[in-house]
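Topology and contacts: notes
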Amino acid sequence: MSTTEPAAREPYVDFLRAVSLLVVVLWHWAFTILRWAPTGPQPTSPLGFFSGLWIFTWLLQVLPVFFFVGGHVHLVSWEHAQARGEHVVPYLWRHVKQLLVPAAALILTWAVLGFVLGLVFDLQWIRGAVILIISPLWFLGVYVALLLLLPVSAWLHRRFDVLVLVWLGGIAMLVDVLRLRYGYEWAGWVNMAAVWGLAYQAGFFYRRIVDAPRRWDLALVWGGLFALMGLVFSGLYPGSMVGVPGERLSNMAPPTFVIVALLTFQIGFAEVLRPAVERRLARPRWQRASALMNRFALPLFLFHTTGMAMARAVVYFVFERQISDDRPPDLIWWAERPLAVLGPLLFTIPVIAIFGRHRNRRRVTPK
């Protein structure tokens, strides 16, 4: 997410970071089913209608990889900053503002727009709609918190090494015990720090994982996969790695220990794929595609729900079709998935263009 020094950039790291964001965007566009309620739109997904589709979330829920890559990128960047003699406060502010400024602008815009529309047109559901539009930004708050704690987590890494991962994993497991065995639901939110902190801290071991023999990659894949299978098929946890309405529990809100197993599996899977992807990233066409993805992945993520809301509004007001999708997914619904992606994309691109023009103008303004 944050920029790093040129010497620290790695094509495969950039590829993983961009893909992890774009998968989230495409998932939201293609597979969000809206049901209308008095409080506003209520999202669901085809996972609630078809048994067995949850297995695909073991690869498509890519936030663990995003935090893992982010930890690596930030540690390398911080080490370079220290070598230059940069102080911690300017360093953190320089990186945090890259995330907070556009996210805060987006939240403020929708808050004002929602307030005005609700006041003028007496829309009781507008608050729920605004919350739904900005809700995917939750992970940026966690990400920024981890970035602010980078000097501390880097010190812990140097001092205790892999023990930090063991401790965070142990905390995540004990939290699940408190929550699922003894009913302390509030304890689950501790895992917002423990689980995502573990994924972020695991990124500090990125270079060691890359340099390890290939059998270690396979060990991570199979170890994570066996752990996932054991946890899910024990009946203690749902199989889906995203929230499914109607399930008694979500592995994501707040995260459970299952996400630790998912992280292990996905790190190994990414390393197994590395040789094939790196061969392709050496080709000019793939290099250009990866550069394009990295340039627009973050803006696309920030504004993709805005584009989706605009597309749904046009469908409702211009074509007089319902925003709410009241029918279960059928063959027609699946055939419409390309249009479900194309519509929001067409509305998101102009928003990104305006935002990019503003940023470019700000950069060239003389100080």
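Residues numbered from 1 in each chain as written. Predicted model: local features only at pLDDT ≥ 70, side-chain atom pairs only at ≥ 80, totals over all residues. Heavy atoms only, no water.

1. Quick notes on a nonpolar patch on the surface
A cluster of nonpolar side chains, contributed by Leu108, Val112, Phe115, Val116, Leu119, Val120 and Phe121, occupies part of the molecular surface with about 750 Å² of accessible area. Along the polypeptide, valine 116 turns up in helix α4 (residues 88-121). (Patch = residues over 30% accessible without salt bridge, like charges linked within 9 Å, V, L, I, M, F, W, Y side chains within 5 Å. Areas by Shrake-Rupley, 256 points an atom, 1.4 Å probe, with all protein chains shown as cover. Salt bridge = Lys/Arg side-chain N within 4 Å of Asp/Glu carboxyl O. Helix = DSSP H or I, 4+ residues; strand = E, 2+ residues; numbered from the N terminus.)

2. Describing helix α12 (residues 258-281)
Structurally, the α-helix is built with 3.6 residues per turn, so residues lying three or four positions apart point the same way. Over its 24 residues, α12 runs 32 Å from end to end, which matches the ideal 34 Å to within 8%, given 1.5 Å per residue. The largest bend in α12 amounts to roughly 50° and is located at arginine 274, with the proline proline 275 lying one to four residues further along. (Expected span 1.5 Å × (residues − 1). Bend = angle between axes of the 7 residues up to and from the residue.)

3. As for the packing of aromatic side chains
With the rule as written, the count across this model stands at 25 aromatic pairs. The interplanar angle of 25° and the centroid separation of 4.8 Å between the aromatic rings of phenylalanine 67 and tryptophan 196 together place this pair among those described as stacked. Linking phenylalanine 67 in helix α3 (residues 63-84) with tryptophan 196 in helix α9 (residues 191-202), this pair joins segments that are 129 residues apart in sequence. By the burial criterion, phenylalanine 67 is buried, and tryptophan 196 matches it. Of the aromatic side chains, those joined through ring pairs into one cluster are Phe66, Phe67, Trp138, Phe139, Tyr143, Trp196, Tyr200, Phe204 and Phe301. The ring of tyrosine 182 has arginine 181 sitting right over it, with the charged end atom 5.1 Å from the ring centre. In this structure, arginine 337 is placed above the aromatic ring of tryptophan 333, and the distance from its NZ or CZ to the ring centre is 3.8 Å. (Phe/Tyr/Trp six-rings, centres within 6.5 Å; stacked < 30°, edge-to-face > 60°. Buried < 20%, exposed > 50% of the residue type's maximum accessible area, 1.4 Å probe, protein only. Lys NZ or Arg CZ within 6 Å of the ring centre and 35° of its normal.)

4. Details of the pairing of strand β2 (residues 40-44)
Consecutive side chains of a regular strand alternate in pointing toward one face of the sheet and then the other. Relative to β2, strand β1 (residues 33-37) runs antiparallel, the two sharing 5 bridges. Residue pairing across strands places arginine 35 opposite glutamine 42, the latter belonging to β2. Remark: 2 residues form the turn of the hairpin made by β1 and β2, two consecutive strands paired antiparallel. (Pairing = 2+ DSSP bridges.)

5. Details of the environment of leucine 180
Here leucine 180 lies in helix α8 (residues 163-181). Sequence separation of leucine 180 and leucine 249 is 69 residues, and the distance between their C-alpha atoms is 9.6 Å. Non-local contacts of leucine 180, meaning those with residues more than four positions away in its chain, are made with Leu236, Tyr237 and Leu249. (Contact = heavy atoms within 4.5 Å.)

6. Side note on the nonpolar core
Formed by 88 residues in total, the largest nonpolar core has its most connected members in Phe67, Phe68, Phe139, Trp196, Leu228 and Met241. Residues contacting tryptophan 196, with those up to four places away along its chain left out, are Leu63, Pro64, Phe67, Trp138, Val142, Leu146, Asn191, Met252, Pro255 and Ile259. (Core = buried A, V, L, I, M, F, W, Y, C linked by side-chain atoms within 4.5 Å.)

7. Focus: the confidence of the model for the protein
Per-residue pLDDT for the protein has a mean of 89; in total, 92% of the residues score no lower than 70. Predicted confidence is poor over residues 1-8, with pLDDT under 50, and the contacts of this stretch with residues over four places away or in other chains come to 27 contacts. Confidence drops under pLDDT 50 across residues 360-367; counting only partners more than four residues distant or on other chains, this segment forms 1 contact. (pLDDT = per-residue confidence, 0-100.)

8. Re the pattern of salt bridges
Within this structure, the stated rule accounts for 10 salt bridges. The salt bridge partner of glutamate 185 is arginine 179, with a shortest N-O separation of 3.3 Å. The partner of glutamate 336 in a salt bridge is arginine 337, and the shortest N-O contact between them spans 4.0 Å. Taken together, the shared-partner salt bridges in this structure form one network comprising Glu10, Arg207 and Asp211.

9. Section: unusual backbone geometry
Note: most peptide bonds trans; most residues except glycine with negative phi. At the junction of alanine 253 and proline 254, the peptide bond is cis and its omega measures out at -5° in the coordinates. Here proline 254 lies in the loop between α11 (214-233) and α12. The residue aspartate 161 is not glycine, and still its phi comes out positive at about 55°. Mapped onto the elements, aspartate 161 comes out in the loop between α7 (150-160) and α8. When its relative accessible area of 26% is taken as the criterion, aspartate 161 is described as partly exposed.

10. Details of the environment of isoleucine 352
Positionally, isoleucine 352 belongs in helix α15 (residues 337-364). Judged by its relative accessible area of 9%, isoleucine 352 is buried. Each C-alpha atom, one on isoleucine 352 and one on proline 102, is 11 Å from the other, the two residues being 250 residues apart in sequence.

11. Quick look at the side chain of threonine 57
By the secondary structure assignment, threonine 57 is in helix α2 (residues 57-60). The residues touching threonine 57, leaving out its near neighbours within four places in the chain, are Trp27, Leu47, Gly239, Ser240, Met241 and Val242.

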